[in-house]
Amino acid sequence: MRVLSKPTLYLLEHPLVFAGKTLRGFSRNQGLLLAGAIAYYALLSVIPLLIVTVIALSHLVDQAELLTTLGRYLEWVVPSQSRAVLADVSAFLDNGIAIGAVLLVTMLFFSSVAFSVLEKAMCIILAHGSTVKRRHFLVSAVIPYGFVLLLGVALLAVTVASVILRGMAEESVQMLVWNWPLRGVSTVLLYLLGLTAETLILTALYLAMPVARIRLNHALVGGFTAALLWEVLRHVLIWFLATISKVSIVYGSLTTAVVVLFSMELAATVLLLGAQVIAEYERLRLEFVAAEEAA
């Protein structure tokens, strides 16, 4: 009985060949250009999205806890610049600016534009053969707002879990004469919580954004691969900005915007590379299916 499918076995036996096909496909689909477009609109939408989310969730949990959680996990998205982004959000909230209907619609619009651009980019990369299906335009219009809602729910869940885990850090386990503090366990669990949330959000993006029908296991593989690749790249980026880069000297007051834009473009590139991995794996699966039917 075969445990692994033929495409998976091929990938494990020829990882460099598969990686080469993925990079060629990514280049053919103009992946870097698409990532740049996503990063630009994400830069426009990130502050409005965070403001709306914090204001909405402040009715359910303490605002200070929300901002603490945001500060921790914004570092995953915009390494070394999370404090600057969070300061802008806090300044808006501290000024007590009332959000009227026009301002709310404007914020939601900019928050949804990046998702709309992402949907179009995923359609380009993941449109393969017989898996393409039609989608009503209203569905495409609603999906970005659905993901804004999903991110809000994810932030709420992560905030509640973070409060519980930080409370655990103050506890300890005592056995006989030994006393083990749980601070280290809490730190590891907080990291795993963030990684899990990141993987699930990426998986949801791969499932819902493209018009092509994506299998759940393929989306999970793509989400986990993209999450791990981003974890490596963001630590490299943090090291580069802290030790080598002279970006603050070159760009001056524009440093935050430049670094945030570069971080988002890098993250968008990883996201689209994950989608390209799914596309190449699906293409490989279809090739094996066609070969078996021909035999």
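Residues numbered from 1 in each chain as written. Predicted model: local features only at pLDDT ≥ 70, side-chain atom pairs only at ≥ 80, totals over all residues. Heavy atoms only, no water.

J.: Could you give me a rundown of the overall build of the protein, with the residues and numbers involved?
T.: Within the protein, the secondary structure is distributed over 11 helices and two strands. N-terminal to C-terminal, the α/β element order of the protein is α-α-α-α-α-α-α-β-β-α-α-α-α. Considering the protein as a whole, with its 295 residues, one finds that 41% of them fall into the buried category. Of all intrachain contacts in the protein linking residues separated by at least 6 positions in sequence, the fraction that spans at least 24 positions is 79%. About 16300 Å² of surface is accessible on the protein, with carbon and sulfur atoms providing 70% of the total. (Helix = DSSP H or I, 4+ residues; strand = E, 2+ residues; numbered from the N terminus. Buried < 20%, exposed > 50% of the residue type's maximum accessible area, 1.4 Å probe, protein only. Contact = heavy atoms within 4.5 Å. Areas by Shrake-Rupley, 256 points an atom, 1.4 Å probe, with all protein chains shown as cover.)

J.: Give me unusual backbone geometry: which residues, what numbers.
T.: One non-glycine residue with positive phi stands out, namely glutamine 30, at about 55°. Checked against the element boundaries, glutamine 30 lands in the loop between helix H2 (15-28) and helix H3 (31-57). Looking at glutamine 30, the relative accessible area reads 47%, which means it is partly exposed.

J.: Describe the side chain of glutamate 198, and please don't skip the residues or the numbers.
T.: Along the chain, glutamate 198 falls in helix H8 (residues 183-208). Glutamate 198 has contacts with Trp76, Ala227, Trp230 and Glu231, leaving out every residue within four places of it along the chain.

J.: Quick rundown of the packing of helix H1 (residues 6-13) against helix H11 (residues 255-294)? Include the residues and the values.
T.: Two numbers describe a pair of packed helices, the interaxial angle and the distance between the axes. Running from N to C, H1 and H11 point in directions that differ by 120°, and their axes come no closer than 9 Å. When the interaxial angle is binned, H1 and H11 end up oblique. Where H1 crosses over H11, the two elements pack in a sense that is right-handed. Contacts from Lys6, Pro7, Thr8, Tyr10 and Leu11 in H1 reach Tyr281, Leu284, Arg285, Phe288 and Glu292 in H11. (Axes fitted to C-alpha atoms, helices over the stretch in contact; angles between N-to-C directions. Parallel < 35°, antiparallel > 145°, perpendicular 65-115°, else oblique. Left-handed = near helix turned anticlockwise from the far one by under 90°.)

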